[in-house]
Amino acid sequence: MSDQDNSPQTHLQFPDPDIKDPIKPPKPFVAKFSVWPPTQRTRDAVISRLIETLSTPSILSKRFGTIPQDESAAVARAIEDEAYATANGSPPTVDDGIEILQVYSKEISKRMLEAVKGRANPAATAENGEREGVRSPVVEPNDETPTLETES
């Protein structure tokens, strides 16, 4: 046996004459990622978070009160369903749905506030100590109002 028989064989491949630029790398794989519509798992997570927000102590509950757990579950599902329907009905403006997701998020926030405001106890104490529905007087600045401005 000769040394050539025991050495690993190398196969030389010549460029295909049909390929214009054999050095050019292949196009990268582009995965399309879409945020809309959300998966059912994501929607369930949103509902779960809404239930928690509506039924546990928070800044929102300090002002408007909490909603019992069983009732907050029904309210949260309704909020999410309505927000989803509204957002899903809006025209897609971007391939990945960012604007639609923003509509969905804003609708959830708006509907959550409407739900807690609708249930709020009229005598509930606001965060700043005022009674709900009673506003502090607005003080308009005038020439007699002292300011912190300094002359230069």
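In what follows, the accompanying structure is described. (Residues numbered from 1 in each chain as written. Predicted model: local features only at pLDDT ≥ 70, side-chain atom pairs only at ≥ 80, totals over all residues. Heavy atoms only, no water.)

### Concerning the pattern of salt bridges
In the structure shown here, the tally under the stated rule is seven salt bridges. We note a salt bridge from arginine 43 to aspartate 81, for which the minimum N-O separation is 3.4 Å. Placement of the pair is arginine 43 in helix H2 (residues 40-55) and aspartate 81 in helix H4 (residues 69-88), with a sequence separation of 38 residues. Taking relative accessible area as the criterion, aspartate 81 reaches 44% and is therefore assigned partly exposed. A salt bridge links glutamate 107 to arginine 111; the nearest nitrogen and oxygen atoms lie 3.0 Å apart. In this pair, glutamate 107 and arginine 111 are both assigned in helix H5 (residues 98-119), four residues apart and thus about one turn of the helix distant. By sharing partners, the salt bridges in this structure join Glu82, Glu107, Lys110 and Arg111 into a single network. (Salt bridge = Lys/Arg side-chain N within 4 Å of Asp/Glu carboxyl O. Helix = DSSP H or I, 4+ residues; strand = E, 2+ residues; numbered from the N terminus. Buried < 20%, exposed > 50% of the residue type's maximum accessible area, 1.4 Å probe, protein only.)

### Here's the deal with H2
Given a rise of 1.5 Å per residue, 16 residues ought to cover 22 Å, and the 22 Å separating the end C-alpha atoms of H2 matches this to within 8%. Of the positions making up H2, those classed as buried are Arg43, Ile47, Leu50, Ile51, Leu54 and Ser55. Down the axis, H2 shows its buried residues gathered within 110° of arc, on one side only. (Expected span 1.5 Å × (residues − 1). Arc of directions from axis to C-beta.)

### A closer look at the packing of H2 against H5
Axis separation between H2 and H5 bottoms out at 12 Å; the angle between their running directions is 30°. When the interaxial angle is binned, H2 and H5 end up roughly parallel. In the packing of H2 onto H5, the handedness of the crossing is right-handed. Of H5, the residues touching H2 (which contributes Arg43, Val46, Leu50, Thr53 and Leu54) are Tyr104, Ile108, Met112 and Val116. Its residues placed into classes, the contact of H2 with H5 shows seven nonpolar, one polar and one charged. (Axes fitted to C-alpha atoms, helices over the stretch in contact; angles between N-to-C directions. Parallel < 35°, antiparallel > 145°, perpendicular 65-115°, else oblique. Left-handed = near helix turned anticlockwise from the far one by under 90°. Contact = heavy atoms within 4.5 Å. Nonpolar A, V, L, I, M, F, W, Y, C, P; charged D, E, K, R; others polar.)

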